[in-house]
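As a plain string of letters, each chain reads:
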Amino acid sequence: MTTTTADRRPAASWRSDLARRISDALERPHALGALMLGPAVLYVIAFVAVPFFIAIALSVSDATVGDPRIDSFVGLRNFLAVTQQEGFQAALRNSVIVTIITVAGIIVLSTVAVEILAREFHGKRLVQVLFMMPWAMPVALAAITWLWLLDSQFSPIDWVLVKLGLLGPGTPLGPSRHLYYLGREWLGLASVAFVDIWRTLPLATVIVLAGRLSIPRERLEQAQIDGAGYFRVLFRIILPALAPVLIVAILFTALLVIGEMSSVELLTRGGPGHSGQVLPLWAYIKGIESGDLGQGAAISLFLFPVLLAAAIVALRFAFRLNRD
Amino acid sequence: MSRVDSRQLRLMGLYTAVVLLVLFAILPIAYATLTIFKKDSELFNPAANPFFFEQGPTLNHLAFLFGKTQFPVFLWNSAVIGVLVVAITLLLSVPAAYALARLTGRWGESSGMAIFLVYLIPPTLLFIPLFRIVVWLGVANTIWSLVLVLPTITVPFCTWLLLGFFRSIPRELDEAAMLDGHSRFGAFRRVVLPQARPGIGACVVFAFSLSLSNFIYSVTFVTESAARNISAGVPTELIRGDVYFWPSLMAATAIVAIPLGIAYGLLFDYLVRGFQSAETTAISEK
């Protein structure tokens with residue numbers, strides 16, 4: 001028995017020596033930090049940074065699905081080609097319009113929702129569950145729900161409008177008994193924006209509520225003691241304090257809306273014609289369905305510099321507001 | 001007397017507002033749920049009241065969804081993808097966030113904004129090159145393509161959220177644990193990690209639902225019906241040309257949305273707390 005332990009000792013001590021050295025090294029913050037951060041950084045490099053540069057390379061090449069090699073440099077030809085397309089012009093316009101409408105709606109509605117949810121009331125848990133529902137469902141399924149609600153023949157909204165005497169022959173909204181929400185250019189875009197507001201409001205509200213609850217209670221109470229009415233407190237204290245988090249909420253919402261193609265794909269399919277097209281869907285149609293990888297990449301890269309600049313400006317602005 | 005009246009009035013106003021807010025969120029889902037149990041003859045009768053069951057309810061559409069479509073397969077695929085994406089996300093972003101919050105010094109302090117910028121690169125920009133990478137790795141048309149790629153969305157987001165959480169935990173806690181004889185990593189694992197549980201809970205729900213929700217990758221990388229998830233599978237399987245299987249579509253939606261909604265709602269306060277600390281780090285120096 002004793003001899004066997006003696007035989008093993010050198011190996012064991014060598015191993016424990018190594019283990020000790022490793023654990024010593026891990027006591028140094030930078031070594032442990034690098035080890036803990038490394039995997040995430042490597043992953044992001046492999047699956048975000050590399051594809052990002054491939055996207056740039058593709059956008060200046062003539063690669064197609066049939067011949068995907070990036071071997072000939074064509075300069076900005078893809079970018080020039082896409083800007084000539086009617087579908088692209090509509091897509092650019094609509095992406096901007098839908099994003100602006102959504103952001104505007106989110107600013108107003110999330111502020112209202114936050115004022116409600118910052119208070120105490122009975123059944124708050126249930127309200128929170130129900131309120132989060134639109135955000136909890138996958139976007140494609142949310143779009144399908146709205147597709148049914150806005151159906152050209154069986155929309156319950158049309159049915160209610162007809163019953164109220166607002167829609168149908170001899171009523172303010174016209175002789176037809178249906179509004180055909182998704183079949184008209186502007187009504188279609190408005191519907192897409194509305195669905196985007198509906199599905200992103202819960203997230204935006206959580207973001208803004210976080211900021212609202214960070215406002216020191218004493219500041220609100222002091223203002224009330226000083227005799228300020230509710231709206232005075234809202235506009236003088238709450239809204240200015242919320243400005244930085246509203247910017248974060250706007251950024252999140254705008255990114256979610258501008259990069260999502262499923263709501264448009266399912267609701268209007270970019271129609272009628274190309275009039276309801278948006279950038280991500282157009283990039284998918286050109287890049288995958290028509291197989292022109294170069295043009296697809298050019299379309300999806302088109303807004304990136306604008307987004308990047310807008311985000312940096314917005315975050316710096318939020319940063320400054322927050323410091324004051 | 002009049003004071004009581006004005007208080008009651010204000011309370012009534014609050015509850016009215018609460019009800020309106022809830023209705024805005026759930027009316028569409030409630031209507032969808034109603035549709036599941038409608039008979040076709042009533043559903044497609046323009047004269048029928050869409051909010052009542054004149055001919056009584058039916059379970060045929062649910063039976064169709066589970067028996068005659070690939071929906072159970074999509075559900076299973078989504079669950080597997082979701083669980084694996086959550087696991088990968090936590091394995092990558094929990095240590096990364098802790099490292100950035102505590103270990104990397106000055107360099108880590110400005111990282112909140114840097115991660116945000118990674119988050120800024122949208123899937124629509126990456127899907128074409130990622131498609132090539134997926135094909136090159138030989139995982140196209142399998143669920144593994146999504147398991148591999150979806151953490152690109154969840155890792156930056158969760159790292160950002162957790163970074164705020166770890167920063168809001170006082171440094172003295174780690175230091176005390178290390179004085180008690182824990183190693184640096186031991187202090188993280190045994191003392192700091194349990195404190196960050198709400199943040200991790202928020203990450204789990206977010207990562208799971210974001211993995212379910214992504215459409216563009218699911219449609220691009222997987223064309224085989226048997227490997228699709230619900231986001232890509234439900235629209236393609238239950239919308240056949242011009243034929244929409246409305247009640248079954250609504251059932252598919254409700255079955256996914258209701259449990260996820262409950263999970264989100266129960267974690268609501270954690271989510272708010274997570275954003276509270278994340279916002280302070282994203283838009284301030286410390």
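Residues numbered from 1 in each chain as written. Chains lettered and ligands numbered in written order. Predicted model: local features only at pLDDT ≥ 70, side-chain atom pairs only at ≥ 80, totals over all residues.

## Some points on the overall build of chain A
Line of reasoning, step 1. Broken down by element type, chain A carries 14 helices and zero strands.
Line of reasoning, step 2. In terms of overall size, chain A is more extended than a compact globule, its C-alpha atoms giving a radius of gyration of 28 Å where 324 residues would be expected to give roughly 20 Å.
Line of reasoning, step 3. Dimensions of chain A, computed from C-alpha atoms along their principal axes, come out at roughly 105 × 70 × 45 Å.
Line of reasoning, step 4. When burial is assessed residue by residue, chain A has 43% of its 324 residues classed as buried. (Helix = DSSP H or I, 4+ residues; strand = E, 2+ residues; numbered from the N terminus. Rg over C-alpha atoms; globule rule 2.2 N^0.38 Å. Buried ≥ 20, exposed ≤ 12 C-beta atoms within 10 Å, placed from the backbone.)

## Details of the interface of chain A and chain B
Line of reasoning, step 1. Contact residues are listed per partner, giving 84 residues for chain A and 81 residues for chain B.
Line of reasoning, step 2. Taken together, the residues of the side of chain A that touches chain B break down into 67 nonpolar, 14 polar and three charged. (Contact = placed C-beta atoms within 7 Å. Nonpolar A, V, L, I, M, F, W, Y, C, P; charged D, E, K, R; others polar.)

## Comments concerning helix α15 (residues 246-266) of chain B
Line of reasoning, step 1. Between its terminal C-alpha atoms α15 of chain B stretches 30 Å, which fits the 30 Å expected from 21 residues at 1.5 Å a residue.
Line of reasoning, step 2. In terms of residue burial, α15 of chain B counts as a mostly covered element, since 15 of its 21 residues are buried. (Expected span 1.5 Å × (residues − 1).)

## Concerning the domain arrangement of chain B
Residues and elements named next belong to chain B.
Line of reasoning, step 1. Per the domain assignment, the segments making up chain B are domain 1 (2-58) and domain 2 (63-282).
Line of reasoning, step 2. Using C-alpha coordinates to define each centre, domain 1 is positioned 32 Å away from domain 2.
Line of reasoning, step 3. Between domain 1 and domain 2, the residue contacts involve seven residues of the former and seven residues of the latter.
Line of reasoning, step 4. Of the residues forming the side of domain 1 that touches domain 2, the biggest block, five residues, is contributed by helix α1 (residues 2-36).
Line of reasoning, step 5. For the side of domain 1 that touches domain 2, the class distribution of residues is four nonpolar, two polar and one charged. (Domains from an automatic or database assignment.)

## Structural notes on the confidence of the model for chain A
Line of reasoning, step 1. Considering every residue of chain A, the mean pLDDT works out to 83; 95% of them sit at 70 or more.
Line of reasoning, step 2. In this model residues 1-6 of chain A is a low-confidence stretch, pLDDT under 50, and it forms zero contacts with partners more than four residues away in sequence or in other chains. (pLDDT = per-residue confidence, 0-100.)

## What about the nonpolar core?
Line of reasoning, step 1. A143, I207 and A249 of chain A together with L162 and A252 of chain B are the most contacted members of the largest nonpolar core, which totals 180 residues.
Line of reasoning, step 2. Residue contributions to this core peak at 15 residues, all from helix α4 (residues 71-103) of chain B.
Line of reasoning, step 3. Here this core spans two domains, and each of domain 1 (2-58) and domain 2 (63-282) of chain B adds at least three residues to it.
Line of reasoning, step 4. Excluding anything up to four places from it in sequence, L162 of chain B contacts S93, V94, A97, A196, G199 and C203 of chain B. (Core = buried A, V, L, I, M, F, W, Y, C linked by C-beta atoms within 7 Å.)

## Considering the environment of N214 of chain B
Residue and element names in this part refer to chain B.
Line of reasoning, step 1. Note that N214 resides in the loop between α12 (197-213) and α13 (216-221).
Line of reasoning, step 2. Owing to 27 C-beta atoms within 10 Å, N214 belongs among the buried residues under this scheme.
Line of reasoning, step 3. With sequence-adjacent residues up to four places away left out, N214 is seen in contact with P123, L150, I153 and S231.

## What about the environment of I200 of chain B?
Residues and elements named next belong to chain B.
Line of reasoning, step 1. On the secondary structure map, I200 appears in helix α12.
Line of reasoning, step 2. With 20 C-beta atoms packed within 10 Å, I200 lands in the buried category.
Line of reasoning, step 3. For the pair formed by I200 and L161, sequence separation is 39 residues and the distance between their alpha carbons is 9.0 Å.
Line of reasoning, step 4. Those residues in contact with I200 that sit more than four places away from it in its chain are L90 and V94.

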